[in-house]
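Examining the three-dimensional arrangement
Spelled out, the chains give:
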Amino acid sequence: MNNYSEIIELINNSIYRSFTAADEYQKKVYESMSYSLSSGGKRVRPLLSLLAYKSVSGSEDFTKILPFATAIELIHTYSLIHDDLPAMDNDDLRRGKPTNHKVYSEAIAILAGDGLLNMSAEVMSRELDKYDEMDELKRAIKAMKYIFTASGVHGMIGGQVIDMEYGYNMNLDICESMYKLKTAALIKAAIVSGAIIAGASDEEIATFEEYANCIGIAYQIRDDILDLEADSKKEKNTMVNFRSNDELVSRIEGLTTRAQEQINSLQYDTSELQEFAKILMNRGR
Ligand code: GRG
């Protein structure tokens, strides 16, 4: 992700600014939130948000999109903290470091996740005061609605429920539904919110949705292959249980091509989104 280091710096600054002062008695929860926010996440989702915004607006002034991109990373971080908890995947390591609950206790990790989710709402709603134009305000509300729907039971949480309920006993169909919700929904929200805030039409948003869905599913399949290569595959089922490596690689290529074709049909400069789709699918850990 080296090519994008300047944009990632902007994102990181915005994430760290989203923290309000740490009061004395509850400072442990701030430390716990900050631990997971600054422990080496690639910032894929906020980056996609900014690239979609830039493509539609033609502008590199990211002031308007940054709060939404930041909120998505806060939501992503909460989901990882909760996913690692004993009641969920019970993992000891995340990004090569001890998981949040291992460092701060299970209770604090639950609260830190909750805190990050709330903070995502705070960061976005703080923006609403700044809009003078009704159209801008409507776009901001539309983006918020999209982000919260995608991360809720119709999206990411729903996907996590499928993982919990069917993880040890699923078929390809269930696995596809899980990927669409658990992984692709938040990636879609990142891209679509960028397009919404930049003023894309409904038809264009539908095209971004299709692009995002393809790269979201392909991103998860790539993640499964990386897990397999690192020999860290979990006991639960993933796509590698149903398809050979060659089939999965060719599925990733097919999804990436479809994603690229989709945004190629737009009237905007989508070259960075095209390139980023390729980088994501060839990524290592
Ligand atoms: C607990 C509500 C709740 C949801 C959890 C996102 C999720 C759902 C679980 C995390 C486990 C997992 C494998 C999710 C699939 C999405 C994925 C590939 C996450 C990792 O995202 P990256 O690669 O991670 O962007 P970094 O570390 O770069 O932030």
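Parameters at a glance
Residues numbered from 1 in each chain as written. Predicted model: local features only at pLDDT ≥ 70, side-chain atom pairs only at ≥ 80, totals over all residues. Heavy atoms only, no water. 1 Å grid on protein atoms, 1.4 Å probe; cavity = no way out; pocket = protein on both sides within 12 Å on 5 of 7 lines; lining within 4 Å. Points joined across faces, edges and corners; volume = space filled by probe spheres on them. Helix = DSSP H or I, 4+ residues; strand = E, 2+ residues; numbered from the N terminus. Near = heavy atom within 4 Å. Nonpolar A, V, L, I, M, F, W, Y, C, P; charged D, E, K, R; others polar. Buried < 20%, exposed > 50% of the residue type's maximum accessible area, 1.4 Å probe, protein only. Polar contact = N/O pair within 3.5 Å; in protein donor to acceptor, adjacent residues only side chain to side chain. Core = buried A, V, L, I, M, F, W, Y, C linked by side-chain atoms within 4.5 Å. Contact = heavy atoms within 4.5 Å.

What follows deals with empty space enclosed by the protein. This structure, assessed with the given rule, holds one cavity of 30 Å³ or more. What lines the largest cavity is a set of 13 residues, among which Ser36, Ser39, Asp84, Arg94 and Arg95 lie closest to the centre. Of all the elements in the fold, those that place two or more residues in the lining of the largest cavity are α2 (27-37), α4 (66-84) and β2 (97-98). Considering each element in turn, the lining of the largest cavity owes the most residues, four residues, to α4.

The full set close to the ligand counts 17 residues, and Lys42, Arg45, His76, Arg95 and Tyr219 are the nearest of them. Sorting the residues of the shell around the ligand by element identifies α4, α8 (156-166), α9 (172-198) and α10 (202-229) as the ones contributing at least two each. At six residues, the largest contribution of residues to the shell around the ligand is made by α4. A per-class count over the shell around the ligand returns four nonpolar, seven polar and six charged.

So, on to the environment of Asn241. Structurally, the position occupied by Asn241 is in the loop between α10 and α11 (245-264). Classification of Asn241 as partly exposed rests on a relative accessible area of 38%. Sequence spacing of Asn241 and Met170 is 71 residues, and the spatial spacing of their C-alpha atoms is 9.7 Å. Engagement of the side chain of Asn241 in a polar contact is seen with the side chain of Asn237, the distance being 3.4 Å.

Counting 86 residues, the largest nonpolar core has Leu48, Phe68, Ile191, Phe208, Tyr211, Ile215 and Ile221 as the members making the most contacts within it. Tallying contributions element by element places α9 first for this core, with 15 residues. Among all residues touching Leu48, those that are not within four sequence positions of it are Ile187, Ile191, Tyr211, Ile215, Leu273, Phe276 and Leu280.

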